[in-house]
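Structural overview
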Amino acid sequence: MTGKATRDAYGEAILELGRDNKDIYVVDADIGKSCKTVPFSQELPNQHVNVGIAEQNACGVAAGLATCGKIPFVTTYAVFGSMRMSEQIRQEVCYPKLNVKIACSHGGFTPANDGASHQGVEDMGVLRSIPGMTVLMPADFYSAKKLVKAAAAYNGAVYLRFTRDPVPFIYDENAEFEIGKAVKLKEGKDVAIIANGDIMSVALKAAEELEAKGHSVRLLDMHTIKPLDEEAVNTCIEEIGKIITVEDHNILNGLGSAVCEMVAEKGKGIVKRIGIRDQFGESAPYEYLLEKNGITVDNIVKSAERMFQ
Amino acid sequence: MNKNDKAVMLREKARELRKTALTMIHTAGSGHPGGSLSAADFMAALYFDELNIRPEDPKWPDRDRFVLSKGHVCPILYSSLALREYFPYETIYTLRKQGSILQGHPDMKVCPGVDISTGSLGQGLSTAVGMALAGKRDGRSYRVFCLVGDGECQEGQIWEAVQSAVKYELDNLVIIVDNNNLQNDNTCDVVMPTGDLRLKFEAFGCEAYGIDGHDMDQIVEVLDTIRESDKKLPKVIVGKTVKGKGVSFMENVVQWHGMAPDKEQFATAIKDVEEVTV
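Residues numbered from 1 in each chain as written. Chains lettered and ligands numbered in written order. Predicted model: local features only at pLDDT ≥ 70, side-chain atom pairs only at ≥ 80, totals over all residues. Heavy atoms only, no water.

1. Details of the domain arrangement of chain A
Residue and element names in this part refer to chain A. Annotation of chain A at the domain level lists domain 1 (3-168) and domain 2 (183-308). A separation of 25 Å is found between the C-alpha centroids of domain 1 and domain 2. In this assembly, 33 residues from domain 1 lie in contact with 30 residues from domain 2. Carbon and sulfur atoms make up 57% of the surface buried where domain 1 meets domain 2, a total of about 2,400 Å² over both sides. Together, F109, R128 and M137 form the three largest contributors to the area buried by domain 1 at its contact with domain 2, with a combined 33%. The tally of links between domain 1 and domain 2 comes to one salt bridge. E261 is paired through a salt bridge with R128; the nearest N and O atoms lie 2.9 Å apart. Linking domain 1 to domain 2 there are 18 residue pairs in polar contact (both at pLDDT 80 or more). (Domains from an automatic or database assignment. Contact = heavy atoms within 4.5 Å. Buried area = accessible area lost by both parts, 1.4 Å probe. Salt bridge = Lys/Arg side-chain N within 4 Å of Asp/Glu carboxyl O. Polar contact = N/O pair within 3.5 Å; in protein donor to acceptor, adjacent residues only side chain to side chain.)

2. Considerations on unusual backbone geometry
Geometrically, the link from K226 of chain A to P227 of chain A is a cis peptide bond, its omega value of -5° lying close to zero. Relative to the helices and strands, P227 of chain A is located in the loop between β12 (224-226) and α10 (230-239). Within the chain, H106 of chain A stands out as a residue other than glycine whose phi angle is a positive 60°. Residue placement: H106 of chain A occurs in the loop between β5 (101-105) and α7 (123-128). Judged by relative accessible area, H106 of chain A falls into the buried class, the value being 3%. Unusually for a residue other than glycine, N181 of chain B sits at a positive phi of about 60°. Note on placement: N181 of chain B falls in the loop between β3 (173-179) and α7 (188-191). (Helix = DSSP H or I, 4+ residues; strand = E, 2+ residues; numbered from the N terminus. Buried < 20%, exposed > 50% of the residue type's maximum accessible area, 1.4 Å probe, protein only.)

3. Observations concerning the sheet that holds strand β2 (residues 24-28) of chain A
Residues and elements named next belong to chain A. The seven strands lie next to each other as β3-β2-β4-β5-β7-β6-β12, forming an open sheet whose pairing is mixed. At either end of the open sheet lies a strand with only one pairing partner, and these are β3 (48-50) and β12. Shown here is a sheet whose adjacent strand axes are inclined to one another by a mean of 20°, direction ignored. Examined bridge by bridge, strand β6 (residues 134-136) and β12 share two bridges and lie antiparallel to one another. Within β12, the position partnered with L136 by the bridge is T224. (Pairing = 2+ DSSP bridges. Axes fitted to C-alpha atoms, helices over the stretch in contact; angles between N-to-C directions.)

4. Considering a nonpolar patch on the surface
Residues and elements named next belong to chain B. Together, V190, V191 and M192 give the surface a local cluster of nonpolar side chains, amounting to about 250 Å² of exposed area. Tracing the backbone shows M192 in the loop between α7 and α8 (197-203). Residue classification places M192 among the partly exposed positions, given a relative accessible area of 45%. (Patch = residues over 30% accessible without salt bridge, like charges linked within 9 Å, V, L, I, M, F, W, Y side chains within 5 Å. Areas by Shrake-Rupley, 256 points an atom, 1.4 Å probe, with all protein chains shown as cover.)

Laid out in structure tokens, this is it:
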């Protein structure tokens, strides 16, 4: 497999951004090494703050910096960034509409051997519930770099979810991304697969397998789960009516839920959600955890075939 | 203005602030009078003497910042802003009403002079740290004043924030503790004793002072001392105060943490505040 981790993309993108714009800040909470902000802290110490193991304070400090015109990226793991400081994000970032980014690594099952305490499987749902929050999860290294830059250019609260391990390249460095606009990786008419994040490569393989069996598949990279690209989802409902969502996140409140909400409001179409079956992970290989929850090529293909019957 | 005249002027301002806050809460029919009154003397000293602010230009980049971490006592902040003419005085009658700039807890988006939205306890001090840090890094000379409650110091995040203020040598940060020893449910001593807060802040590495938070001479003096200090440490003033200060039936009574005076109580309260010798 040729690929790189999206957390590495964050580390590179934030350094490039910081060099160009002295208002870009990184607020770390002692896991800069894991979140790839060490080069930033070394080269741009005046734009770096490390508050130690104190995520709630990190968020508040970032909010204070933002009132003074800074563009802070609070950097930690998805679990802590979404839950340990969720009320701070709500009160001090989203409610006053401040320009703070929450950039988190180790989303989903990817910190596999660390076990359940470090696997951020509810983060997108938590963040999606806060008014005004934008929620992004890039699918590969190149899209991650571009989306970090898009987040920096966007005036408002953004949650970015990265993951630990290398993932295959889906795009190349020339690909363009817009917050809130899904990328159509395949145009098709029998079934729509809507996926995001590291799991995109699994969804892509499933789409190819279905195509090899003679089915026409539409594949969307829904890198922004909020605001959801309603136009892209509506088109899937209108033109296809059969949708499979795939995500490395709890089946509740993430991408699948967001799509289901639209389908329910539309009153037509069917959705099969593939994701974490409302359970915690454990220390185990990433592939095992995906397998246990049916987040596999095989399950996506079978789910599609069931829809065709 | 000599020192004595200044203290007399500030006491008179504190009286105006108390009357305005009580009027506001009475009109709204809800709000937090106890902690508003205990903080009134500090607020008078800040808004009528110490803070370098321009009410006509609320977002002036070099202004001193004020963070009301104990956001529920916003009536005393709104009173200060009204009397400093950030908005028309009559606005005070809209507290907590639909569409008002005076939300039940401060909202920076709608109220001029509010530097950060607060209301969830323990969080404001972290934002003050961010503001002070930005000021240092940008080479600006403004200072950041943050009012916290003693009960609020039960929140762990307060101490996270203090640690970071000490680490980054934020001598432009002034933390004022309204040490009235009462909180929502009971006295702090009963609910969760906070101990000697001055010693705690000192142990965390701050330059901390303990004063009588209703003695205007002491307030002015400690603010002078802090302004002149060359120690690269965050400054802390722990002011011993009385919850409900100035209103006979509210002083040290837990229930007046979050209750509005009715018509009769309001009349007595205003009379009490007017009768206090300054």
